[in-house]
Amino acid sequence: MKLGKISTLALNRMKQRGISLATLRYLLAHGQVEKKFDGARLVYLDCVPPRPTAGPGRTLYALVDAAGEVITVEKRVRREYRH
């Protein structure tokens with residue numbers, strides 16, 4: 001997927017979260033795409049820890065609307081809850 005227009009919100013979130021434009025381009029080029037019912041797409045990369053005991057993995061994702069504009073970008077830490 002090509003990098004199109006980036007919303008002001010997405011640019012602000014990228015600054016706040018330390019996500020570079022190069023990282024966003026990589027995400028859009030190599031990420032997995034999940035299509036939403038309204039035409040939007042969720043593009044994400046999962047980082048798997050090298051060892052099971054290394055802690056939770058990180059997920060980087062971007063929400064792209066039907067017109068191709070990047071709405072928001074985020075890094076999320078997965079938390080594993082033990083029962």
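Preceding this paragraph is the structure being described.
Owing to the predicted nature of the structure, the values given are computational and were not obtained by experimental measurement.

Criteria and cut-off values
- Residues numbered from 1 in each chain as written.
- Predicted model: local features only at pLDDT ≥ 70, side-chain atom pairs only at ≥ 80, totals over all residues.
- Heavy atoms only, no water.
- Helix = DSSP H or I, 4+ residues; strand = E, 2+ residues; numbered from the N terminus.
- Polar contact = N/O pair within 3.5 Å; in protein donor to acceptor, adjacent residues only side chain to side chain.
- Contact = heavy atoms within 4.5 Å.
- Buried < 20%, exposed > 50% of the residue type's maximum accessible area, 1.4 Å probe, protein only.
- Core = buried A, V, L, I, M, F, W, Y, C linked by side-chain atoms within 4.5 Å.
- Pairing = 2+ DSSP bridges.
- Salt bridge = Lys/Arg side-chain N within 4 Å of Asp/Glu carboxyl O.

**Q** Give a description of the side chain of Ser 7 that names residues and reports values.
**A** Mapped onto the secondary structure, Ser 7 falls in the segment before α1 (8–17). A distance of 3.0 Å separates a polar atom in the side chain of Ser 7 from the backbone oxygen of Ile 71. If near-sequence neighbours (up to four positions away) are discounted, Ser 7 is found in contact with Glu 69, Val 70 and Ile 71.

**Q** Explain the environment of Lys 75 residue by residue, including any values.
**A** With respect to the helices and strands, the residue Lys 75 is situated in strand β4 (residues 70–77). The exposure class of Lys 75 is partly exposed, given its relative accessible area of 37%. The sequence separation of Lys 75 and Arg 13 amounts to 62 residues, and the corresponding C-alpha distance is 10.0 Å. Within the local environment of Lys 75, its side chain forms a polar contact with the backbone oxygen of Arg 17, the two atoms lying 3.4 Å apart.

**Q** So what's going on with the nonpolar core? Which residues, and what values?
**A** Of all hydrophobic cores here, the largest spans 13 residues; its most connected members are Leu 24, Leu 27, Leu 28, Ala 62, Val 70 and Val 73. Secondary-structure elements contributing two or more residues to this core are α1, α2 (21–30), β3 (58–64) and β4. Dropping the residues within four chain positions of it, Ala 62 is found in contact with Leu 24, Leu 27, Arg 41, Leu 42, Val 43, Val 70, Thr 72 and Val 73.

**Q** Outline the pairing of strand β1 (residues 32–35), listing residues and values.
**A** Pairing of β1 with strand β2 (residues 41–46) involves four bridges; the strand directions are antiparallel. In the strand pairing of β2, Gln 32 is matched with Tyr 44. Between the end of β1 and the start of β2, which pair antiparallel, lie five residues, with Gly 39 showing a positive phi angle near 95 degrees.

**Q** A description of the pattern of salt bridges should follow, citing residues and the corresponding values.
**A** Inspection of every chain in the model, using the stated rule, returns one salt bridge. With a closest N to O distance of 2.8 Å, Glu 34 and Lys 36 form a salt bridge. What makes Glu 34 partly exposed here is its relative accessible area of 34%.

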